[in-house]
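# Structure assessment
Spelled out from the first residue to the last, the chains are:
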Amino acid sequence: MSPRQATTDSASGRDDTRAGTHPAGNLKRLRKPPASLRRLRVASPLSSTHPRNGAHRCAILEHTTELLHTDAHDDLLPTGGTAGTPERRSRFAWAFTGSGHYLEECMALALRLPNLDLFLSAAAEEVLPMYDFGLSELKDRCRVFRDKTASSVPVGMLYDDVYHTVIVAPATSNTVAKCALGISDTLPTNIFAQAGKLEIPGIVLACDTKPVVITKAPREWVELKPRNIDLENVERLRRVDFCRVVESPDELDALLDARLAELALTWNTSSS
C-alpha cells in the first residue's frame, strides 16, 4: 500500500496531516509498544506479585522505554548541530538604531574597530544623514548592511561564524524594550537575538538609563525624562543571556578595549 500523504483543505487551509506522516504522528504510534512485545504479553501474561515475574516485567518495560526514547529522540532533536566555531569568527558587527543620543561618539568608536561591519535599521538610515553621516562615505570605510528584508537576511552570516562580537549602540528605548523582551523584528534586534542564541557576546549602549537625559538633537540640545517602563526595560535587558549593558561612550570604550585584548586585537590608529 502506498504511503499516506498530507492533504490540505483548500477552503479552510487546515492541515489534515495523518498519523505517520509527521513527527507528532510518529509519537502517537510510539506510545504503543512494538508488536513483538504485545504478542509477548498475550502469550505470557506476567504477574507483578511474583518476584521473578516482577523482575521479568520490569526488564520488558525498560526495553520498551529505551526503544520509545530512541525513536522519539531521532524524530525531534537535531543531529550533529553545534553553536558554531568561535575560532573562525573574525569580525565586529555594529548595529545602529534611530537614536541620535551619543551617535557621534558611537560612530567614532565604531570606525576605530578592526574588521567592522555596520548594520543599519530603517530608522538609523533616516537619522544618520541628520548628523552628517552619509551612507556612501560609510560604505567607503566598511561593509554596510541595510534593513531591506523581512527576515533580516544579513543576520545569516552569524551562522557562518563571521562575527565574534555584536554591538548595538546607541540603542533607542524601543530597541532596548524589544531586546529585553525577545522581540526581533528589525535588523539590530534580530542580530542581537541570534547572537545570543549562538553564545556570541553582545554589548548594548542604552540611551534612557537616568531619570533625566540631556541629548543632542540634530539642531539643538533636548532634555528628556524617560518613563519608568523605559528604565525597567534597561534592567530587564541586563538579565538577558550574553549581554552587557553600558550607559555611556566611556563605558563602551572601556568594554571594547577589554574585548579587543581578549581577541588579541588592537584599535585602528584613527577613525578618519
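Preceding block: the structure.
First things first, this report covers the structure right here in the doc.

Rules used throughout
- Residues numbered from 1 in each chain as written.
- Predicted model: local features only at pLDDT ≥ 70, side-chain atom pairs only at ≥ 80, totals over all residues.
- Heavy atoms only, no water.
- Helix = DSSP H or I, 4+ residues; strand = E, 2+ residues; numbered from the N terminus.
- Contact = heavy atoms within 4.5 Å.
- Areas by Shrake-Rupley, 256 points an atom, 1.4 Å probe, with all protein chains shown as cover.
- Salt bridge = Lys/Arg side-chain N within 4 Å of Asp/Glu carboxyl O.
- Buried < 20%, exposed > 50% of the residue type's maximum accessible area, 1.4 Å probe, protein only.
- Core = buried A, V, L, I, M, F, W, Y, C linked by side-chain atoms within 4.5 Å.
- Axes fitted to C-alpha atoms, helices over the stretch in contact; angles between N-to-C directions.
- Parallel < 35°, antiparallel > 145°, perpendicular 65-115°, else oblique.
- Left-handed = near helix turned anticlockwise from the far one by under 90°.
- Nonpolar A, V, L, I, M, F, W, Y, C, P; charged D, E, K, R; others polar.
- Polar contact = N/O pair within 3.5 Å; in protein donor to acceptor, adjacent residues only side chain to side chain.
- Phe/Tyr/Trp six-rings, centres within 6.5 Å; stacked < 30°, edge-to-face > 60°.
- Lys NZ or Arg CZ within 6 Å of the ring centre and 35° of its normal.

This next bit is on the overall build of the protein. Counting its secondary structure elements, the protein contains 10 helices and eight strands. Across the protein, the fraction of contacts at a sequence separation of at least 24, relative to all contacts at a separation of at least 6, is 70%. Surface accessibility of the protein: about 16100 Å² in total, with carbon and sulfur atoms responsible for 52%.

Bringing the environment of Ile203 into the picture now. Take Ile203: it is sitting in strand S5 (residues 202–206). Taking the C-alpha atoms as reference, Ile203 lies 8.9 Å from Phe192; in sequence the two are 11 residues apart. Excluding residues within four positions of it along the chain, Ile203 makes contact with Thr165, Val166, Ile167, Val168, Arg244, Val246, Leu252, Leu255 and Leu256.

The subject of this paragraph is the pattern of salt bridges. Under the criterion given, the structure shown has 12 salt bridges. We note a salt bridge from Asp117 to Arg143, for which the minimum N-O separation is 2.6 Å. One end of the pair, Asp117, is in strand S2 (residues 116–120); the other, Arg143, is in strand S3 (residues 143–146), with 26 residues separating them in the sequence. Residue classification places Arg143 among the partly exposed positions, given a relative accessible area of 38%. Three or more residues are tied together by salt bridges with common partners; here these are Lys210, Glu235, Arg238 and Glu247.

Counting 31 residues, the largest nonpolar core has Trp94, Phe96, Leu113, Leu116, Leu118, Ile167 and Leu252 as its most contacted members. The biggest single contributor to this core is helix H4 (residues 103–110), with five residues. When sequence neighbours within four positions are dropped, the list of residues in contact with Leu113 reads Phe92, Trp94, Ile167, Leu256, Leu260, Trp267 and Asn268. Residues Cys179, Phe192, Ala206 and Val234 belong to the second largest nonpolar core, which totals 27 residues.

Taken N-terminus to C-terminus, the directions of H4 and helix H10 (residues 249–262) make an angle of 15 degrees; their axes are 10 Å apart at the nearest point. Between H4 and H10, the angle falls in the class roughly parallel. You can see that H4 and H10 cross each other, and the crossing is right-handed. Contacts between H4 and H10 involve Glu105, Cys106 and Leu109 from the former and Pro249, Leu252 and Asp253 from the latter. Of the residues contributing to the contact of H4 with H10, the split by class is four nonpolar, no polar and two charged.

With that out of the way, let us pick up the environment of Thr269. Within the fold, Thr269 resides in the segment after H10. A C-alpha to C-alpha distance of 9.8 Å links Thr269 and Pro114, two positions 155 residues apart in sequence.

The next subject is the side chain of Arg89. The topology assignment puts Arg89 in the loop between helix H3 (51–76) and strand S1 (91–96). A polar side-chain atom of Arg89 sits 3.3 Å from a polar atom in the side chain of Asp161.

Quick look at the packing of aromatic side chains now. All chains considered together, the criterion is met by three aromatic pairs. With centroids separated by 5.1 Å and ring planes inclined at 25 degrees, the aromatic side chains of Phe119 and Phe145 adopt a geometry described as stacked. Highlighted residues: Phe119 in strand S2 and Phe145 in strand S3, separated in sequence by 26 residues. Each ring, one from Phe119 and one from Tyr163, has its centre 5.6 Å from the other, and the planes form 75 degrees; the classification is edge-to-face. Highlighted residues: Phe119 in strand S2 and Tyr163 in strand S4 (residues 163–171), separated in sequence by 44 residues. Given a relative accessible area of 0%, Phe119 falls into the buried group. Ring pairs connect the aromatic residues Phe119, Phe145 and Tyr163, which therefore count as one cluster. Residue placement shows Arg112 over the ring face of Trp267; its charged tip is 4.3 Å from the ring centre.

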